[in-house]
Amino acid sequence: MLLVCAGVSGAASEDPDATTMEASSDDVTVAPDGSFSVTNHAELRATNEAGAMQASRISVFYDSETQNAEILEAHTLKKDGTKIPIDVSTIYEQVPADNTLAVTSFRVKVLLFPQFSAGDTAVYTVRTNNPKPMFAGAFQFGKYFPRSVAFKNAEVTIRAPKSLPLKVETHDLQFSKETSGDTIIYRWHRSAASDKKAKTALVSPLDREPRFFVSSFKDYGDLGRAYAAQSEPKAAVTDKIRTLAEQITKGTTDRREQARLTYEWVAKNIRYVAIELGQGSFVPHDADTVLARGYGDCKDHEVLLRALLKAKGIEAQGVLINGTNDYALTDAPSFAQLNHIITYLPEFGVYLDASVPVAPFGVLPQTEYGKPAVLAVAKGAGLVTLPMPKPGAITIHQATVQKIAADGTLSGTTTTTATGPYAIALRYIGYAVQAIGPEKAGELQMGARGFKDGKGKLIAGPLTELGDSYTIRGEYSAKGWEDVLKGESTIMPGGLRLLPVTGDGIMGPLYGGDDIADEPTVCIPAKADEDLTLELPAGYTVRFLPKDETVTTPNLTFTAHWSETAGALTVHREFVSKIDQPICRGPVRKQTAEALKQIAKKFDQTFAIIRSAQSYKDASAAKPEGAAALVERGEAFEKAGDHAKAIADFTAALAIEPDNAAALFDRGYSYDVSDQADRAIADYTTLIAANDNNAVVRANRGRDYARQNKYELALPDYERAVELDPENTEYMLHRAYLLSFTHKPDRAAAAFGDVIAKDSQNADAYSGRCAAYHDAKNDELALADCNKALALTPNASRLYLLRAQIRHALGDHFGGNRDVAKAAQIDPKLEQPGGLWRPFGLTAKKEIAAKDVPPMVRSLMDGGRALDLKDYDTAVAAFERAIKQGIPDSAVLPNLCVALSHTDRLADAAYQCSRALQLRDNDPSLLRARGLIYFRQAKYRDALADFEELLQLYPNDPLLLYERGVTRKKLGDKGGDADIAKATATSPNIASKAPKAMRS
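Residues numbered from 1 in each chain as written. Predicted model: local features only at pLDDT ≥ 70, side-chain atom pairs only at ≥ 80, totals over all residues. Heavy atoms only, no water.

By the naming in an unreviewed UniProt entry, the protein is DUF3857 domain-containing protein, taken from Rhizomicrobium electricum.

Structure below.
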């Protein structure tokens, strides 16, 4: 179906360095009935030989049934000014190359410019007449200008009668409008060099390039009614239609089931053929004709479905939509972005696309969800938005079970099951399997997956059963994996994947690159997961299990979990999108692109297969010969946890080959896990001296130095590791922590920021930067980072303690106390890590024990908890204990002041409050506490001074007015009655809120 705006066009997207559009003009003259003519003049210069190849052949498109195209001039303009005209006998006419599968009246006139070379210009003028408008009395036009093309001077002029006013939408073009007599003249202009940095587009150029659109339709309701006027008569219920409808629905009275059966009959029995024949580009054939032919385009499918449903009394409505990657409609109502039509059943709230023969009832292709569309009916026409898929409606599950034989042959099966739009894609693959056969399809997929010297077979499920899910099973075997059994690192083989790797394409391309990180892209809520199992030959094991990975944003979650059981390695990967919009753009797109980049790296996790320790014991007690064999057996012992034997084998190997890097590295690691850090450091140092290009070796030595609290020695190792592996966020985190440990808070904050720039959801980096900012006395920034870290890890008890210190430093003592209480609530003894990252722990080694909470912090916690429970004596004792243990005054004095104010130790309370106010001048809670203390001591003038200072901050606070009034009365000041009266007028029960000593 071709529902395109007449005249909507765009310059060819050329190599920005190859051609320049020296001049381009479109002069459009519109008649009152909507018919129009366009005179297009262009001068395209080739700047190099590649440009000459492009510019020397120009294609002029037109519809042979509704338009006529006349070449007014065409010549080659040589660099020296010579003109060489085209021989009119060489102007060829043909069907457009991309329309060979369509029934079309579109044609192309091909202009071949003679004697054309670099530096020459193709000059041509074409007039295209459109004598009959697609819709009577209506006119639409539009054009876009790719940023990748240089336009020295491009102009478009439209002259339309006042009786046909046009709505205009313009983006990134100069626009003007003027009136001349009975004519309105609209002009657009562009002059711009090519944008060599123009990015790969993930959505249509009509959504993003410089462009304009005009239309005489008043709104999309007007447009929808215009289409309905031409299509609704075609959906008439004839005897043939009524008879067929009864046959299709025979045996069921359930109306939804009748709708489903009717939809499936049309989808399966009417073949899709694009029909682009003049008015037929917009007007469907009548239902009887479609039925008789057994084929049609989307308009024809929609008309026949609507007629059959109408015969059963089920209302169906046509919905105009874009079927590709346009996700916006123009403000000027036009068909520029409407190239498809589907059906809506209001009784069931279901949208159907009957032109897709493999779509289950109620399932649409991915590019149709969430889009603006136009309801094309006689009454109630207008804009609608298609719903997004419901959670759980779109899934992909790919399960592969494979094994490596002792001779290096890899064989297995992959089962792919999908629902929603992915089931549509999988069924189309099923069509291909059916067309070329299971073995040939398997062979082609083996090649696409990178398997060599192998065989494959794809077994597709029945294509005519349109259930919610669809499955294809693949079988394969391939040689060439023998090196993997010799310890060569490898990634997990993906089997015969038929759909994208887990997560690719759901919220954008997984491997798109940084250049499109801020480009809008199609997004959809979906779940994709895969289980890959690799069975190992007898006597083999995996040396190191890849670590589990998680990547999260507010809109997606990716996990990878590795396990090894009974001689098999398994990875489960899962990607869940929770997006609720069809396009990811702006901050969401940038955040998503960053996450996808991280996820892509998770598919590069490698592992190595080695012989097991048991296999050596079973084979022979004889000692292996040669350094390589000793290293191999040592690795087997290391994997089995027998590090003493492993170290012995690595040492023996080094006696034979002192420079054996594998033996040095392996022995260093075995020393690590045996708590022999000094010996591990010695081996790593030898390796670094020989070749300082291994990030892992540097990181391992740095970790050992750090575990010995030798932070100044550890820091250069991690800085070098980051230099060698700049994408490794774990190394970056270690470096940042070491900068903190070596009292470089500003550099540490910047280093944690580097981690956040690569992983915006890294709670460890936010908590680390929070601490670094706090150390740098930048507590406002510290608090923001602590808040972010706690949002990501809400049960991190130590983070609450850190934030408590920051809040106290900022004067928020009550907030600080709440954080202390929260930390104690999560972990009363504070013995668990509480979600905070513990740096320098070893994989496959016992974790470094969490240190006990410092006594001063525990005392502060105890006091805060008692204060919240109003156990003031206990709180005072805890806070005084914290002072003796060395807690900073700023963290404890405000709490002590408040706690003492509720006891009989009034002199101590006044003293500590005064000390606290020296640290936190004008703190309202401290001023009021001291004022109340003074009142209880009968120091009414001192109390009055504090209350008056508070009322300067809060002049209308009824409680403060009441307390000042009572104090003034104690001093014999009659103004006290006025204060109390004003407070009571605002809050009649204010006296009940005052301390007992003040209640009159």
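Thoughts on the overall build of the protein
Rule in force here: Secondary structure elements are taken from DSSP: a helix is a run of H or I of four residues or more, a strand is a run of E of two residues or more, and numbering for both begins at the N terminus. Using C-alpha atoms as the atom set, the radius of gyration is obtained and then compared with a globule rule of 2.2 Å times the number of residues to the power 0.38. Burial here depends on accessible area, computed with a 1.4 Å probe over protein chains only, as a share of the maximum for the residue type. Under 20% is buried, over 50% is exposed, and the range in between is partly exposed. Contacts are assigned to residue pairs with any non-hydrogen atoms lying within 4.5 Å of each other. For the area figures, the Shrake-Rupley method with a 1.4 Å probe applies, and any residue is considered shielded solely by the protein chains shown.
Counting secondary structure elements, the protein contains 30 helices and 38 strands. Its C-alpha atoms give the protein a radius of gyration of 38 Å, clearly above 30 Å, the size a compact globule of 1000 residues would have. Counting over 1000 residues, the protein shows a buried share of 53%. A fraction of 67% describes how many contacts in the protein between residues 6 or more apart in sequence connect residues 24 or more apart. Carbon and sulfur atoms make up 51% of the accessible area of the protein, which amounts to about 43,700 Å² in all.

Considering the packing of aromatic side chains
Note the following rule: The aromatic pairing rule takes the rings of Phe, Tyr and Trp, using the six-membered ring of Trp, and pairs them if the centres are within 6.5 Å, calling planes under 30 degrees apart stacked, those over 60 edge-to-face and the rest tilted. Charge over a ring is defined by NZ of Lys or CZ of Arg lying within 6 Å of the ring centre and within 35 degrees of the ring normal.
Taken as a whole and judged by the stated rule, the model has 25 aromatic pairs. Ring plane angle 80 degrees and centroid distance 5.4 Å describe the contact between Phe544 and Tyr669, whose orientation is recorded as edge-to-face. Of this pair, Phe544 sits in the loop between strand E32 (540-542) and strand E33 (549-553) while Tyr669 sits in helix H13 (residues 661-673), and the two are 125 residues apart along the sequence. Using a relative accessible area of 11% as the deciding quantity, one classes Tyr669 as buried. Seen from their ring centres, Phe558 and Phe603 are 5.9 Å apart, and the 45 degrees between their planes marks the pair as tilted. Placement of the pair is Phe558 in strand E34 (residues 556-565) and Phe603 in the loop between helix H9 (586-602) and strand E37 (606-607), with a sequence separation of 45 residues. Phe603 shares its class with Phe558; the two are buried. What links up through ring pairs into an aromatic cluster is the set Phe36, Phe139, Phe141, Phe175, Tyr186, Trp188 and Phe212. Lying across the ring of Tyr327, Lys371 places its NZ or CZ 4.5 Å from the centre.

Here we look at the state of the cysteines
For the record, the criterion: For this text, the term disulfide refers to a pair of cysteine sulfurs within 2.5 Å.
Summed over all chains, the structure comprises three disulfides. Covalent S-S linkage joins Cys523 and Cys584, the inter-sulfur distance amounting to 2.0 Å. Linking Cys523 and Cys584, the disulfide has an S-S dihedral of approximately -130 degrees and is accordingly described as left-handed. Taken as a pair, Cys523 in the loop between strand E30 (521-522) and strand E31 (527-535) and Cys584 in strand E36 (residues 583-584) lie far apart in primary sequence, 61 residues in all. Both residues of the pair, Cys523 and Cys584, count as buried.

Description of the pattern of salt bridges
The condition is simple: Within this document, salt bridges are pairs made up of a side-chain nitrogen of Lys or Arg and a carboxyl oxygen of Asp or Glu, the two lying within 4 Å of each other.
A complete count under the given rule lists 60 salt bridges for this structure. As a salt-bridge pair, Arg45 and Glu22 come within 2.7 Å of each other at their nearest N and O atoms. Taken as a pair, Arg45 in strand E3 (residues 36-46) and Glu22 in strand E2 (residues 19-30) lie far apart in primary sequence, 23 residues in all. The closest approach of N and O atoms between Asp819 and Arg803, which form a salt bridge, is 2.8 Å.

Side note on the sheet that holds strand E4 (residues 57-63)
How we decide: A pair of strands is considered paired only if DSSP assigns at least 2 bridges between the two. Axis angles are defined between N-to-C directions and span 0 to 180 degrees, where every axis is a line fitted to C-alpha atoms and, for a helix, only to the segment in contact.
Taken together, three strands build an open sheet; the order of strands is E4-E9-E7 and the sheet is antiparallel. The open sheet has two edge strands with one neighbour each: E4 and strand E7 (92-94). Across the sheet, the mean angle separating the axes of adjacent strands is 25 degrees when strand polarity is ignored. Of the strand pairs in this sheet, E7 and strand E9 (residues 106-112) are connected by three bridges, and their pairing is antiparallel. Looking at the pairing, Gln94 lines up with Val108 of E9.

Focus on the packing of H13 against helix H14 (residues 677-690)
Inclusion rule: For classification purposes, an angle smaller than 35 degrees is called roughly parallel, one larger than 145 roughly antiparallel, one from 65 to 115 roughly perpendicular, and anything else oblique. Less than a right angle of anticlockwise turn of the near helix away from the far helix marks a crossing as left-handed, whereas a clockwise turn marks it as right-handed. Note on residue categories: nonpolar means Ala, Val, Leu, Ile, Met, Phe, Trp, Tyr, Cys or Pro, charged means Asp, Glu, Lys or Arg, and polar means any other residue, Gly included.
Put simply, H13 and H14 touch, their axes get as near as 8 Å, and they point 155 degrees apart. Compared by their axis directions, H13 and H14 come out roughly antiparallel. Here the hand of the crossing between H13 and H14 comes out left-handed. Mapping the contact onto sequence places Ala661, Leu664, Phe665, Arg667, Gly668, Tyr669, Tyr671 and Asp672 in H13 and Ala677, Arg679, Ala680, Asp683, Tyr684, Thr686 and Leu687 in H14. Looking at the contact of H13 with H14, its residues break down into nine nonpolar, two polar and four charged.

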